[in-house]
Amino acid sequence: MNSEGKIKITELKPHPKNDYYFDDMEGDSWDSLLQSISTSGVTNAITINDKKTIISGHQRIRACKVLGIEEVSYKMISYDNEENEIKDLIESNLRQRVLGNTNPVKLGRCFSFLNKWYGFSQGGNHGNQYTVPNEKVYNLPNNIPTTQKELAESYGITQQTMNNYMRMADMIPELEDLVDTGIVTKDTALAMIRNLSSNEQRELISSMDITKKITKREMKKYIDEIKSLKKENKELKDYTSSSATEKISNLKTENERLENENKILEAQKKISDDLA
């Protein structure tokens, strides 16, 4: 059941997943939105579901509350499941915002969800059909992305950039905090994620001076040192293992020699006893 009309903003509810995928607009983008709505009003109807939960329009409603606007136009869509609802929430917001102003971790969550929704989690191509989580098969329009590359390019970025954002979504909390505060840049964080395990990242962070910004060059130095230590440790383990094997083999040989000598001595003693 789809419908359109006017609705009071006091009747609307934010989507429970909106904050997980998006931050509120700030700076020039937010000021521009306020200026636009104060001058022209909300020109694009917001999208809601049949429970009056906002799918697209959280920032417009936020601006209306600031400007004292009490009513907006809406388009209501009835969804089969939450996955399709979240897919529309993500896509509508991504297309209305500048990607560079979006939290990179949350942007990674967006692309991770879309890749899974379109069936690209393993990099596969699915033509014009995709089975959504409720097992209903939808015939997708021709402009729907059929590869990871097409999905990325539909948002004006490369596939590699999109994959980098998805790596950011799996960032450990300690590193995410450093990115949020600006101590570690997005590129520096990516270098850590690519080269170090989660435990190694935690150990590195605990050893660093995080009271000042950490450059990519400094991070590369840290990573190179860790790689060197790992290599030395592996070589030491290999040597130790080889050395231990050799020692065990020598001890086994010596033990066999002593056992044989003991048998000979026992035989000689027996012969002496018999002669006596």
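Described in the following lines is the structure provided in the data block. (Residues numbered from 1 in each chain as written. Predicted model: local features only at pLDDT ≥ 70, side-chain atom pairs only at ≥ 80, totals over all residues. Heavy atoms only, no water.)

A few points about unusual backbone geometry
Phi angles above zero are rare outside glycine, and Lys-52 is one such case at about 65°. Turning to its location among the elements, Lys-52 is positioned in the loop between strand 2 (46-48) and strand 3 (54-56). (Helix = DSSP H or I, 4+ residues; strand = E, 2+ residues; numbered from the N terminus.)

With respect to helix 4 (residues 82-96)
Taking 1.5 Å of rise per residue, the 15 residues of helix 4 would be expected to cover 21 Å, and the 21 Å separating its terminal C-alpha atoms lies within 8% of that figure. Among the residues making up helix 4, those that are buried are Asn-84, Glu-85, Ile-86, Lys-87, Leu-89, Ile-90, Glu-91, Ser-92, Asn-93 and Leu-94. (Expected span 1.5 Å × (residues − 1). Buried < 20%, exposed > 50% of the residue type's maximum accessible area, 1.4 Å probe, protein only.)

Quick look at the nonpolar core
If you look at the biggest cluster of nonpolar residues, it comprises 24 residues, and the most contacted ones within it are Ile-90, Leu-94, Phe-111 and Leu-114. Of all the secondary structure elements, the ones that give two or more residues to this core are helix 4, helix 5 (104-118), helix 6 (148-153) and helix 7 (159-169). Discounting chain neighbours no more than four positions away, the residues touching Leu-114 are Lys-87, Ile-90, Glu-91, Leu-94, Leu-151 and Tyr-155. Counting 22 residues, the second-largest nonpolar core is a separate cluster that includes Met-168, Ala-191, Ile-223 and Ile-226. (Core = buried A, V, L, I, M, F, W, Y, C linked by side-chain atoms within 4.5 Å. Contact = heavy atoms within 4.5 Å.)

As for the side chain of Asn-115
When you line up the elements, Asn-115 lands in helix 5. Classification of Asn-115 as buried rests on a relative accessible area of 2%. Within the structure, the side chain of Asn-115 is placed 2.8 Å from the backbone oxygen of Phe-111, a separation counted as a polar contact. (Polar contact = N/O pair within 3.5 Å; in protein donor to acceptor, adjacent residues only side chain to side chain.)

In short, shape yes, function no, at least from these values alone.
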